[in-house]
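Chain and residue survey
Spelled out from the first residue to the last, the chains are:
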Amino acid sequence: MPIFLRISLTLTLLLCTGLASGGTPSATAADVHVNPGRLNEQAIRCMQRGDDATASILLERAARLAPRDTRIARNLQAVREILAQRSKKRAP
C-alpha cells in the first residue's frame, strides 16, 4: 500500500475514533488498520454520525482484508447505496 494511502487511512481512523479531538478510542489506529472486524465497527460508528464517505473507505479496506465476510459486504453495499442516492440528488 502506498505511504500516502496509509497516512490518509490512519488520519481518517484517528478522526473517526475521536483521538484527534481528545477522545479515547477503544482501539489504537494500528490495531483497527489491519482488523476487518474493527474496521467494520468503526465504519458503523461513522455511518451513525453521518460520515458515510469515511465509512466507505473503512469498509473497502475491511472487504479487501476479509472478502468473504457477509456483514462487511452488506455494510459496504448499504453505504454505497447511500452515497449513490446522495450523488443522484446533487446531480442537475
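Above this note sits the structure.
Residues numbered from 1 in each chain as written. Predicted model: local features only at pLDDT ≥ 70, side-chain atom pairs only at ≥ 80, totals over all residues. Heavy atoms only, no water.

So, the pattern of salt bridges
To keep things clear, this is the line we draw: Salt bridge, as used here, is a side-chain nitrogen of Lys or Arg placed within 4 Å of a carboxyl oxygen of Asp or Glu. The helix and strand labels rest on DSSP assignments: H or I over at least four residues marks a helix, E over at least two residues marks a strand, and numbering proceeds from the N terminus. Partly exposed describes any residue whose relative accessible area lies between the buried limit of under 20% and the exposed limit of over 50%, with all areas from a 1.4 Å probe on protein chains only and scaled to the type maximum.
All told, the structure shown has 3 salt bridges when counted by the stated rule. A salt bridge links R86 to D52; its shortest N-O distance comes to 2.7 Å. In this pair, R86 is assigned in helix 5 (residues 70–90) and D52 in helix 4 (residues 52–65), connecting sequence segments 34 residues apart. With relative accessibility at 35%, the residue R86 sits in the partly exposed group. E60 is the partner of R80 in a salt bridge, and the nearest nitrogen-oxygen pair spans 2.7 Å. Of the two residues, R80 sits in helix 5 while E60 sits in helix 4, which places them 20 residues apart along the sequence.

Brief notes about the packing of helix 3 (residues 36–48) against helix 4
Where we set the bar: Interaxial angles span 0 to 180 degrees and are taken between N-to-C directions of axes, which are lines fitted to C-alpha atoms, for helices over the stretch in contact. Comment on the angle field: the value is read as roughly parallel under 35 degrees, roughly antiparallel over 145, roughly perpendicular from 65 to 115, and oblique elsewhere. The handedness criterion is simple: a crossing whose near helix is rotated anticlockwise from the far helix by less than a right angle is left-handed, and one whose near helix is rotated clockwise is right-handed. Note on contacts: a residue pair is in contact if any heavy atoms of the two residues lie within 4.5 Å.
It is at 8 Å that the axes of helix 3 and helix 4 come closest, and there the two elements cross at 165°. Between helix 3 and helix 4, the angle falls in the class roughly antiparallel. Here helix 3 runs over helix 4; the crossing is left-handed. Facing P36, L39, N40, Q42, A43, C46 and M47 of helix 3, the residues of helix 4 in contact are D52, T54, A55, L58, L59, R61, A62 and L65.

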